[in-house]
Amino acid sequence: MPVIIPYIPNTITVHLGPPDQWAENVTVSFPDYVKNVASSEIYPTWEPAAIRANILAIISFALNRVYTEFYPSRGYDFQITSTTAYDQKFIRGRNVFENISQVVDEIFDDYIRRQGFVEPLAAKFCNGTTTTCDGLSQWGSQALAQEGYNSMEILRYYYGDDIELVVDAPVQDLHLSYPGAPLQRHSLGLDVASVQNMLNRISQNYPAIPKIFPTTGVFDENTEEAVKAFQRIFSLTPDGIVGKATWYKMVYLYVGVARLAELVSEGQRIYAAQLQYPGVLREGDKGGEVWIVQYMLALLAQFEDTLKPIQPDGDFGPATTQAVRQYQSLTGLTPDGIVGEQTWNSIYRSFAQADYFLRRDTVRAQALRPDAVPAMAAISIPGSDSFADTPRLGQYPGYHLDRGDQDQKKGVQIWQM
């Protein structure tokens, strides 16, 4: 599936029954959903650490269902069910406990994941008395809390020492991953790179699907052939076009083979297109390779004031020449406006570093808490210290910004990872 940085949906749609049986769907705010489940699953008289640990498990499991599009990729019009045989206990209209509500309001935009991976942990749990499982024991978490364990120590006891806490994830409207229009020959961009990466992983289990290398984000002949092979295997029209049906079949298979919706997931790492040097590019050239250069420069311009933003269109015109010269001047290269191998490799190195931290840090802490993932990391364009002293990674700075305010670089704290 595409690498989408996890976010907190404003709302979540719950199916009030097993997924394959008719039942009403209800849409509620995500915090209200978590409050309902927590009030249905645990006791308000438990130790605060146990309550907090259980709520984080509830949040993470629900977010995993959202992130993996577990039910939409199977053709359902909801994100999760109300039955514990499949998901978590949700009772429409129930009262919620005040102390549980307060904790949820504090941490509903936090979740746990395995270190180095993207997806929220499929944090399964059971009561630990009448039922047991490989995940968290609810009554066991209370016993650990009574022994003095804090919430993260409890979670690591059950899920492993490689669990990390992500805090202050962005909140936004729920959206599906399908790009909105079919992808086909000559399509460009990160959605194409997502298709290529999904097919490469699926092909490990279905070797008849040819590998796509490099994954450039350009829908070329090799990508088309791999799509056709995928479609033939799974009884889809083998037209080489990634429409909605093909897209979600890929998501469904990718989630399955990578076990992203399971506690023992192999995990999804952040990936980017493997952008190998395509040959010299200069003014007048057109095509996917030009689009890639423009895209990389457009991203870097978000971090460096001397780089003029450009709009990727696949046409190497005067604006692109100027942007290339600006980058070359910034990094000590000959400012000829031509993308040779040295310029390409330099742009790509800067882009890969910026892209990684931008994707990672949009979900990391705005203000550090115990056991939380740090908010920032120092990065830089070769020859420039702009990334290191400009915190442009999307986090709230921790104070109000009013007209006339200015950046205070001495007050910026950079976290080395």
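Residues numbered from 1 in each chain as written. Predicted model: local features only at pLDDT ≥ 70, side-chain atom pairs only at ≥ 80, totals over all residues. Heavy atoms only, no water.

Novice: Quick question: what am I supposed to make of unusual backbone geometry here?
Specialist: Backbone phi values are negative for most residues with the exception of glycine, while trans is the configuration of most peptide bonds. Phi at Asp168 takes a positive value of approximately 55°, unusual for a residue other than glycine. Tracing the backbone through its elements, the reader meets Asp168 in the loop between β8 (163-166) and β9 (171-172). (Helix = DSSP H or I, 4+ residues; strand = E, 2+ residues; numbered from the N terminus.)

Novice: Is there a simple way to think about the nonpolar core in this case?
Specialist: Soluble globular proteins: nonpolar side chains tend toward being buried together. Membership of the largest hydrophobic core comes to 50 residues, with the highest contact counts inside it found for Tyr33, Ile55, Ile112 and Tyr159. Elements with a minimum of two residues in this core: β2 (11-15), α1 (30-41), α2 (48-67), α3 (98-107), β5 (111-114), α4 (138-146), α5 (151-159) and β8. Sorting elements by how many residues they give to this core places α2 first, with 13 residues. Leaving out residues up to four positions away in the same chain, Tyr159 has contacts with Ala57, Ile112, Arg114, Leu121, Ala123, Lys124, Phe125, Gly135, Leu136 and Leu263. Core analysis: the next-biggest nonpolar cluster, separate from the first, contains 33 residues, Tyr67, Val118, Phe230 and Trp247 among them. (Core = buried A, V, L, I, M, F, W, Y, C linked by side-chain atoms within 4.5 Å. Buried < 20%, exposed > 50% of the residue type's maximum accessible area, 1.4 Å probe, protein only. Contact = heavy atoms within 4.5 Å.)

Novice: Got a minute to help me understand the side chain of Asn54 in this structure?
Specialist: Checked against the element boundaries, Asn54 lands in helix α2. Other than its neighbours up to four places away in sequence, Asn54 contacts Ile42, Trp46, Leu136, Gln138 and Ser141.

Novice: So what exactly am I meant to see when it comes to α1 here?
Specialist: Given 3.6 residues per turn, any residue in an α-helix points the same way as the ones three and four places further on. For α1, with 12 residues, the first-to-last C-alpha span of 16 Å sits near the 16 Å given by 1.5 Å per residue. With respect to burial, α1 is a largely interior element, 11 of its 12 residues being buried. Phe30, Pro31, Tyr33, Val34, Lys35, Asn36, Val37, Ala38, Ser39, Ser40 and Glu41 are the residues of α1 that are buried. (Expected span 1.5 Å × (residues − 1).)

Novice: I tried to follow the sheet that holds β2 on my own but got confused; where do I start?
Specialist: Neighbouring strands of a sheet are bound in pairs by backbone hydrogen bonds; such pairs are parallel or else antiparallel. Overall, mixed pairing links the three strands, which are arranged β3-β2-β4 in an open sheet. Among the strands making up the open sheet, the edge pair consists of β3 (25-29) and β4 (80-81). Bridge count between β2 and β4: two bridges; the pairing is parallel. The residue bridging Val14 from the neighbouring strand is Ile80, located in β4. (Pairing = 2+ DSSP bridges.)

Novice: Explain the packing of aromatic side chains here, please?
Specialist: The relative placement of two aromatic rings is captured by the distance of their centres and the angle of their planes. Enumeration over the complete set of coordinates arrives at 18 aromatic pairs. Measuring from centroid to centroid gives 5.7 Å for Tyr43 and Trp46, while their planes differ by 45°, and the two rings are tilted. By relative accessible area, Trp46 is classed as buried at 7%. Relative to Phe78, the ring of Tyr71 lies with its centre 5.2 Å away and its plane at 45°, an arrangement referred to as tilted. (Phe/Tyr/Trp six-rings, centres within 6.5 Å; stacked < 30°, edge-to-face > 60°.)

Novice: Is there a simple way to explain α5 in this structure?
Specialist: Taken together, the buried positions of α5 are occupied by Ser151, Met152, Ile154, Leu155, Tyr158 and Tyr159. Down the axis of α5, the smallest arc covering the buried residues is 155°, so these residues share one side. Measuring from the backbone nitrogen of Met152 back to the side-chain oxygen at the start of α5 gives 3.1 Å, which picks out Asn150 as the cap. Gly160 sits one or two positions beyond α5 and adopts a positive phi of about 110°. (Arc of directions from axis to C-beta. Polar contact = N/O pair within 3.5 Å; in protein donor to acceptor, adjacent residues only side chain to side chain.)

Novice: Before we go on, may I ask you to explain the packing of helix α7 (residues 221-233) against helix α8 (residues 244-258) in this structure?
Specialist: Think of two packed helices as two axes; the pair is described by the angle between the axes and how far apart they sit. Packing of α7 against α8 leaves a shortest axis separation of 11 Å and a crossing angle of 80°. Between α7 and α8, the interaxial angle falls into the category roughly perpendicular. Residue-level contacts link Val227, Phe230 and Gln231 of α7 to Thr246, Lys249, Met250 and Leu253 of α8. Partitioned by chemical class, the residues of the contact of α7 with α8 number four nonpolar, two polar and one charged. (Axes fitted to C-alpha atoms, helices over the stretch in contact; angles between N-to-C directions. Parallel < 35°, antiparallel > 145°, perpendicular 65-115°, else oblique. Nonpolar A, V, L, I, M, F, W, Y, C, P; charged D, E, K, R; others polar.)

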